[in-house]
Amino acid sequence: MNSAHVSWTFLWRSIPVIMVLGLTPAAVAGGGSPAMAVARASHAAAAGGPSRHAVAAGTISTFAGGAGGPGRATSVSNGGFCGLGNEEAYAGGSLYFAAGGMLRQVNAQTDRLTTPLGTAAQGPLGDGGPAALASVNDACAVAVDHFGNLVVGDNDAVRIRVVAAATGTFYGQAMTAGDIYTIAGNGITGFSGDGGPATQAEMDFPGNVAIDSAGNVLVADTRNHRIRVVAVSTGTYYKQKMTAGDIYTIAGNGTLGFSGDSGPATQAELDFPRGVAVDTTGNVLIADTGNNRIRVVADTTGTHYGKKMTAGDIYTIAGNGNGNRNDEPMFSGGNATQIEVAVPDTMTTDSAGNVVIAATGGDQILVVAVRTGTFYGQAMTAGDIYTVAGGGSLRGSGILATMALMFPTAITVDSSGNLVLCDAYGTPTPAIDVEVVAAHTGTYYKQKMTAGDLYRIAGNGWPQFSGDGGPATGAVLQDLFGIAADATGNLLIADSANQRIRVVAAHTGSHYGRTMTAGNIYTVAGDGKQGFSGDGGPATKAEIDFPNSAAGDAAGDLFIADNLNNRIRMVAAQTGTFLGQKMTAGDIYTIAGNGSSMLSGNGGPAAKAGVPNVFSVRVDGAGNLLLGCEGEVRMIAVHTGTYYGRKVTAGDIYAIAGNGTFGFSGDGGPATQAEVDPSSATVDGSGNLLIADAGNQRIRVVADSTGTFYGQAMTAGDIYSIAGNGTFGFSGDGGPATRAEFNDPSSVAADAAGNVLIADTGNSRIRVIAAHTGTYYGKKMTEGHIYTIAGNGGTGFAGDGGPAIDAETTPDDVVASSTGDVLIIDAGSNRIREITG
């Protein structure tokens, strides 16, 4: 294997495999199935959109996957760390939280979750346009200001952004209701701009945001070791004259460290302060995270938290500076300034004025009592600190909060006085659950709750999986590697990181042993756990390991490239015998691969062969299984006969292209003697084998029969290049395909007209080799020439509802239907997108 291809395949995709498309017999004959049109029409209707007949040719849209929901809040997954809206957010009866590049809204009365901001994918920011279409790169903080606007901290974009609740002027800008705007940060990481327009300032990881008593926006400028403020109006705040829309430092001198207590806040040293909040009397609370302390900047001169304070000065009110992560005891009293508070992330105040702290280092929610009394079912003494949630070992909803195992990253208080927290507990990727510690016994978020107990109110416990049984566009997918249309037009999806094979039903009826609704998505294999188990039992209870591809045959059997298990597995459609094995309908079986990571077994029984790193499985027109492996394309013969120039015996496995060595050679000669570096294989309408020879930047063909194909005389079993000159790059559009440059052509398919579709992944484009001169996908094309039909070269997610040629996408697989539409895996957004034909 050449080193360049090793880097791309192993590092860019993050696992040592490459995905591929698999087409079914119906697709072989005509690039797909007419039933796919039914799925699209039903899917569009379910999503509230127009049918495909109302959409112009060449338009791109989302077919499956996305942000998740709308739906019940506890049914939708949330990935990434999150931040919670302040108490002001509950004025309209909604909870807001930011997670995984999105802003979520949960209606406290109906328990329904919607996504008013963010698409779960990176793309153009969208400032000045509708928030629903904008991209939020890494939202992890949210607040609602005094005007009802949503204020969002967008870390990766290094900006503070606002979704306007009404049309008007805010923070010195004219805004339109529903649109999104940047109010601080110029997108450059650094520190600059104090005393000038906030939109021209540099920040560095703007963590948390809060709204002060005057309506100004407070920002924890974490890596600059400062707390800054964006003035909502011109006036004097924090002893400084400020101009509306400008930015100022109110705490921290920019030096990492700890100093300055009892002196001016702007002269103090802070250490990566992540959290900022405002208490009931207007003081500014700071989670001085690296110093393991909660500090306060006094708003007025007087006694606060049992200390005499001077306006504008800074003081410690909790934490002694030590913070032994994961080694905190359960606190039931003790002076707050003498106790360890390990890695405080955020804090807030409750209706009694107590300070509530999310301490990620100790995995606890802590409370500093502002006065003596009973809170959260505990007797508390003013100035002491107590654990009210976390520190235990249990997971679940309805358990005593102090017995719970958690990783709290944000905290707020709702309008009923309950504590609401973001719990990022989960491995290896955090699954964000929004949970409540009930302050009083009652019904909240449509759940009966007992005071002091913990309840999940949003999130389903999975980091990036939800939507089964509902519309495909409401599903959450993760690390997609392969798609294929089965014999009845259903779309099979290898939802790799979710360890599942899922299907979007083409029409309402029974598929894979269960009743399905057209346009909805279902799991048909895999239980979500990574591993190997379940052979001989129900497919949905089996463990699989990063499945790369799936395909179905005419009988309804399902075949899976169980990649990291180095096996090919099958879900039987009917009870009977297949390849010598007795099978029960709906159960899963290994039909090829001995689990070895070494390629072996050519010409012998498939069950005894080594089939490592299978990047694709598909079914050809005769029902044989084609496997894409490293350096080879192999076939499991289901029938005895001659295919691709080779005589084969049923049940055995054969190499039909490649000699197992990475490289480029062999054009015009026997395919099994050639060097190839493939990433995808399928068959065209003539039964020839199409190979995306990604490592060689070419598309190649193994002739199934002797004849003229793609303008070349070919001999059965020999291999030929039909596109690509072997040079890495992008060129050649509008000219002969053999002269074009590619950048990792990772997948190939044939459409109903015989055109060859190519996912030119590194160039962020879908390209077409025209089979005949004519107009396809809205473009005039010449036979044998190559054209781009989707993608503008940008790697983000943008363009839904508009021309595919103008869209941003990262295509990683492609499949065509007989109606002329094209479905692609958009790897960058974890979506399946559709290009109308």
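Source: prediction; values computed, not measured. (Residues numbered from 1 in each chain as written. Predicted model: local features only at pLDDT ≥ 70, side-chain atom pairs only at ≥ 80, totals over all residues. Heavy atoms only, no water.)

*Asks:* Help me understand the overall build of the protein chain, please; the structure alone is not making it clear to me.
*Replies:* Looking only at helices and strands, one finds 3 helices and 71 strands in the protein chain. Here the protein chain has a C-alpha radius of gyration of 30 Å; the compact-globule value for 837 residues is 28 Å, and the two agree. Principal-axis analysis of the C-alpha atoms places the extent of the protein chain at approximately 95 × 55 × 45 Å. Scored against the burial criterion, the 837 residues of the protein chain give a buried share of 60%. Sequence separation of 24 or more characterises 49% of the internal contacts of the protein chain that already satisfy a separation of 6 or more. (Helix = DSSP H or I, 4+ residues; strand = E, 2+ residues; numbered from the N terminus. Rg over C-alpha atoms; globule rule 2.2 N^0.38 Å. Buried < 20%, exposed > 50% of the residue type's maximum accessible area, 1.4 Å probe, protein only. Contact = heavy atoms within 4.5 Å.)

*Asks:* I tried to follow the sheet that holds strand β41 (residues 500–504) on my own but got confused; where do I start?
*Replies:* Note on sheets: strands pair through backbone hydrogen bonds, and any given pair is parallel or antiparallel. Within the open sheet, the 4 strands sit side by side as β39-β40-β41-β44. Their pairing is antiparallel. Lying at the two open borders of the sheet, with one neighbouring strand each, are β39 (480–485) and β44 (521–525). Sheet twist, expressed as the average angle between the axes of neighbouring strands with direction ignored, equals 25 degrees. (Pairing = 2+ DSSP bridges. Axes fitted to C-alpha atoms, helices over the stretch in contact; angles between N-to-C directions.)

*Asks:* Looking at this structure, I do not really get the nonpolar core. What am I missing?
*Replies:* The tendency in soluble globular proteins is for nonpolar side chains to be buried as a group. In this structure, Val420, Val434 and Tyr445 are the most contacted members of the largest nonpolar core, which totals 25 residues. Taken together, the elements giving at least two residues each to this core come down to β3 (82–84), β4 (94–99), β34 (419–423), β35 (433–437) and β38 (453–458). Not counting residues up to four positions away in its chain, the partners in contact with Val434 are Leu84, Leu95, Phe97, Val420, Leu421, Cys422, Tyr455, Arg456, Ile457 and Ala458. (Core = buried A, V, L, I, M, F, W, Y, C linked by side-chain atoms within 4.5 Å.)

*Asks:* I'm lost on the pairing of strand β19 (residues 275–278) in this one. Help?
*Replies:* In summary, the side chains of a regular strand alternate between the two faces of the sheet. Here β19 shows two buried faces, one formed by Gly275 and Ala277 and the other by Val276 and Val278. The pairing of β19 with strand β20 (residues 284–288) spans 4 bridges and is classified as antiparallel. Bridge pairing links Val276 to Ile286 in β20. Joining the antiparallel neighbours β19 and β20 is a turn of 5 residues, in which Gly282 adopts a positive phi near 95 degrees.

*Asks:* Got a minute to help me understand the sheet that holds strand β58 (residues 689–693) in this structure?
*Replies:* Overall, antiparallel pairing links the 4 strands, which are arranged β57-β58-β59-β62 in an open sheet. Where the open sheet ends on each side, the last strands, each with one partner, are β57 (680–683) and β62 (719–723). Strand-to-strand twist in this sheet, taken as the mean axis angle between neighbours without regard to direction, amounts to 30 degrees. Here β57 pairs with β58 via 4 bridges, running antiparallel.

*Asks:* Is there a simple way to think about the side chain of His511 in this case?
*Replies:* Following the sequence through the fold, His511 ends up in strand β42 (residues 509–511). The contact partners of His511, leaving out residues within four places of it in the chain, are Thr488, Asn490, Ala505 and Met516.

*Asks:* Whenever I open this one, the environment of Gly513 confuses me. Can you help?
*Replies:* Structurally, Gly513 can be placed in the loop between β42 and β43 (514–516). Separated by 73 residues in the primary sequence, Gly513 and Gly586 have C-alpha atoms spaced 6.3 Å apart.

*Asks:* Can you help me understand the packing of aromatic side chains in this one?
*Replies:* Geometrically, a pair of aromatic rings is defined through the distance of the ring centres and the angle of the planes. The tally for this structure, following the rule as stated, stands at 3 aromatic pairs. With 5.8 Å between their ring centres and 70 degrees between their planes, Trp462 and Phe465 make a pair best called edge-to-face. When the centroid spacing of 5.9 Å and the interplanar angle of 45 degrees are considered together, the rings of Phe559 and Phe578 count as tilted. In this pair, Phe559 sits in strand β46 (residues 558–562) while Phe578 sits in strand β48 (residues 576–578), placing the two residues 19 residues apart along the sequence. We classify Phe559 as buried; its relative accessible area is 1%. (Phe/Tyr/Trp six-rings, centres within 6.5 Å; stacked < 30°, edge-to-face > 60°.)

*Asks:* What should I look at first to understand the pairing of β39 in this one?
*Replies:* Counting buried residues along β39, 6 of its 6 residues qualify, which places the element largely inside the surrounding structure. Both β39 and strand β40 (residues 491–495) contribute to a ladder of 5 bridges, which runs antiparallel. Counted as the bridge partner of Leu480 is Asp495 from β40. The hairpin turn running from β39 into β40, its antiparallel successor, is 5 residues long, and Gly489 in that turn takes a positive phi close to 95 degrees.

*Asks:* Please explain the side chain of Asn566 as it appears in this structure.
*Replies:* Locating Asn566 in the fold gives a position in the loop between β46 and β47 (567–571). Of the polar contacts made by the side chain of Asn566, one reaches the backbone nitrogen of Asn613; its length is 3.3 Å. The contact partners of Asn566, leaving out residues within four places of it in the chain, are Gly593, Asn594, Gly595, Ser596, Ser597, Val611, Pro612 and Asn613. (Polar contact = N/O pair within 3.5 Å; in protein donor to acceptor, adjacent residues only side chain to side chain.)

*Asks:* What is the right way to look at the environment of Glu632 in this model?
*Replies:* Relative to the helices and strands, Glu632 resides in strand β53 (residues 632–636). Ignoring sequence-local partners within four residues, the contact set of Glu632 consists of Leu599, Asn602, Leu627, Ala655, Ala657, Gly658, Asn659, Gly660, Val676 and Pro678. Engagement of the side chain of Glu632 in a polar contact is seen with the side chain of Arg634, the distance being 3.3 Å.

*Asks:* Got a minute to help me understand the pattern of salt bridges in this structure?
*Replies:* Side chains carrying opposite charge are able to pair once their charged atoms draw close together. This structure, assessed with the given rule, holds 22 salt bridges. Among the ionic pairs, Arg700 bridges to Asp693, the shortest N-O distance being 2.9 Å. Accessibility expressed as a relative area gives 0% for Arg700, which makes it buried. The network of salt bridges with common partners includes Asp127, Asp154 and Arg161. (Salt bridge = Lys/Arg side-chain N within 4 Å of Asp/Glu carboxyl O.)

*Asks:* Any chance you could explain a nonpolar patch on the surface here in plain terms?
*Replies:* The grouping of Leu394, Leu400 and Met403 at the surface amounts to a nonpolar patch, some 250 Å² of accessible area in total. The topology assignment puts Leu394 in the loop between β31 (384–390) and β32 (399–400). Assessed through its relative accessible area of 36%, Leu394 is described here as partly exposed. (Patch = residues over 30% accessible without salt bridge, like charges linked within 9 Å, V, L, I, M, F, W, Y side chains within 5 Å. Areas by Shrake-Rupley, 256 points an atom, 1.4 Å probe, with all protein chains shown as cover.)

*Asks:* Please explain the confidence of the model for the protein chain as it appears in this structure.
*Replies:* Interpretation of this model should avoid reading the predicted coordinates in detail wherever pLDDT is low. Looking at the protein chain, the pLDDT average stands at 88 and 92% of residues meet or exceed 70. For the stretch residues 1–53, pLDDT sits under 50, and the model shows 169 contacts to residues farther than four places along the chain or on other chains. (pLDDT = per-residue confidence, 0-100.)

*Asks:* What am I meant to see in unusual backbone geometry here?
*Replies:* Leaving glycine aside, a negative phi is the common case for residues, and trans is the common case for peptide bonds. Cis geometry marks the peptide bond from Gly69 to Pro70, where omega comes out at 0 degrees. Non-glycine residue Tyr376 carries a positive phi angle of around 55 degrees. Relative to the assigned elements, Tyr376 resides in the loop between β29 (373–375) and β30 (378–380). One non-glycine residue with positive phi stands out, namely Lys446, at about 60 degrees. Positionally, Lys446 belongs in the loop between β36 (442–444) and β37 (447–449). Given the relative accessible area of 56%, Lys446 is considered exposed.

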